[in-house]
Amino acid sequence: MPADRPDALPAARRPHRLAGGQPGLLAPGATTDPYRLRLYRLLRTDYPLGYDPGLGAWLLSRYADVALALTDPRFTGYPHDGAPRGRTPVPLGLCRGSLVCVPRAVPYRTAEPAVERTAYVLARRIAGRDRADLVADFCRWLPAGAAAAAAGLSYPDLSTLPRGAALHRWTGGPGDCAGPTALREHALASFLANMLDDPDLSAAATSGEGAATLLGRAWAETLRRDPPVQIVLRRTRTEVAVSGGTLPADAPVACLIGAAGRDPARFGAPDRFDPLRADADPLLIGPAGCPAALLGRLEAEHGLRALLTAMPGIRWADGFRPAAGGLLTRGPRTLLVRPS
């Protein structure tokens, strides 16, 4: 029996089945790694449409169906009609889809120098250590520290920075997409995990001709392969035909972004991190003009450059391999490195 079939897994690692054989999305172990459990794959191949009572929503896992739910006006936001619908911003990628957060240009003259300065401060603090955790010591504080610096705030110790208050003071309020930082922390950690796994790619993306383009493609590829938001809730306004059947009207729908981004019907070698892939698609990374998306890109770009400048010999700690966790939101919990 092929090793990648769920039935070939030890009992403790098999997805929990609901009535009719459909695997439960909130099964034991799924919050740790739905990819390792082959949960997303099984849903895409055998159960493209099914109701999950634990989540209280219909599940869509194939790229074509998720793309439909994110762009078709027959779907609206969840739970109310006032939420974004159609091709307007939805809470996807780093965007929260807030009704009061209109996509706009981040003031780069203010934001970029602050992001760059904060990234180098954090990187230099790590450089002298024998061992460091980039999630705890870098990804957690770069978004908050950059916002504080841009707002003209000064803190002697970034570890004491009140992240939410500082960000809201800069971005204009808690309804702004750029305010909360947790998703940007997850995305930055996933990006660094992918880039530090390939020293040649990291070097090419931070220096030389075409570096900025390559880095942008690597950032977009991270959001496809390792999205910080795995599930986006939508609601049908009428009946909608999808793979496997028809969604009823006024029904909650869970778009499984993590499954759609690795759908082999849409992406070649979908589990591989490949910034140069010819089948890249911007749909799953969220609105291009969202301030959170723009800030996330700046933090990835300057964060990687700062780490490689302060620690040219940075590498994973002995015996460590990065691993992501989480189902609703997802990213590496630790990134243990040896700075030199």
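Residues numbered from 1 in each chain as written. Predicted model: local features only at pLDDT ≥ 70, side-chain atom pairs only at ≥ 80, totals over all residues. Heavy atoms only, no water.

Trainee: Can you walk me through the pattern of salt bridges in this structure?
Mentor: Where charged atoms from two side chains of opposite charge approach closely, those side chains can pair. Using the criterion set out here, one finds 17 salt bridges in the structure. Asp250 serves as the salt-bridge partner of Arg235, at 2.5 Å between the closest nitrogen and oxygen. Residue Arg235 is located in strand E5 (residues 231-236), and its partner Asp250 is located in the loop between strand E7 (245-247) and strand E8 (252-256); the two are separated by 15 residues in the primary sequence. For the salt bridge of Arg266 with Asp281, the shortest nitrogen-to-oxygen distance reads 3.2 Å. (Salt bridge = Lys/Arg side-chain N within 4 Å of Asp/Glu carboxyl O. Helix = DSSP H or I, 4+ residues; strand = E, 2+ residues; numbered from the N terminus.)

Trainee: Mind showing me how you'd approach helix H8 (residues 199-206) here?
Mentor: One full turn of an α-helix is made of 3.6 residues, so residues set three or four places apart face in the same direction. Among all positions of H8, only Leu201, Ser202, Ala205 and Thr206 are buried. Projected onto a plane normal to the axis of H8, the buried residues spread over an arc of 120 degrees and lie on a single side. In H8, the exposed residues that point more than 90 degrees away from the buried face are Pro199 and Asp200. Those residues of H8 that are buried are in contact with helix H7 (182-196), helix H9 (211-225) and helix H11 (291-310). Gly208 sits one or two residues past H8 and shows a positive phi near 90 degrees. (Buried < 20%, exposed > 50% of the residue type's maximum accessible area, 1.4 Å probe, protein only. Arc of directions from axis to C-beta. Contact = heavy atoms within 4.5 Å.)

Trainee: How do you make sense of the side chain of Arg277 when you look at a structure like this?
Mentor: Tracing the chain through its elements places Arg277 in the loop between helix H10 (257-260) and H11. Polar contacts involving the side chain of Arg277 include one to the main-chain carbonyl oxygen of Gly268, which spans 2.8 Å. The contacts of Arg277, once residues within four sequence positions are left out, are Arg217, Glu221, Arg224, Phe267, Gly268, Ala269, Pro270 and Arg272. (Polar contact = N/O pair within 3.5 Å; in protein donor to acceptor, adjacent residues only side chain to side chain.)

Trainee: It is not clear to me how the sheet that holds strand E12 (residues 336-338) should be interpreted in this structure. Could you clarify?
Mentor: The strands that make up a sheet are held in pairs by hydrogen bonds between backbone atoms, and each pair lies either parallel or antiparallel. The sheet built from 3 strands is open, its strands ordered E4-E12-E9 with antiparallel pairing. Of all the strands in the sheet, just strand E4 (132-133) and strand E9 (315-316) have a single pairing partner and so form its edges. (Pairing = 2+ DSSP bridges.)

Trainee: What's the story with the pairing of strand E2 (residues 57-60) in this structure? I'm lost.
Mentor: On any regular strand, side chains alternate: one points to one face of the sheet, the next to the other face. In this sheet, E2 lies alongside strand E1 (residues 49-52) in antiparallel orientation, the contact comprising 4 bridges. What sits directly across from Asp52, in E2, is Ala57. Adjacent in sequence and paired antiparallel, E1 and E2 are bridged by 4 residues, among which Gly56 carries a positive phi angle near 70 degrees. In the sheet, E2 pairs with E8 via 3 bridges, with the strands oriented parallel. If you follow Trp58 over to E8, its bridge partner there is Val253.

Trainee: Explain the nonpolar core here, please?
Mentor: Here is a general trend for soluble globular proteins: nonpolar side chains tend to be buried in one another's company. Of all hydrophobic cores here, the largest spans 65 residues; its most connected members are Leu134, Phe138, Phe191 and Leu192. The element contributing the most residues to this core is H7, with 9 residues. Discounting chain neighbours no more than four positions away, the residues touching Phe191 are Leu215, Ala218, Trp219, Thr222, Ala300 and Leu304. Among the nonpolar cores identified, the runner-up in size contains 15 residues, and Leu25, Tyr40, Leu42 and Leu59 belong to it. (Core = buried A, V, L, I, M, F, W, Y, C linked by side-chain atoms within 4.5 Å.)

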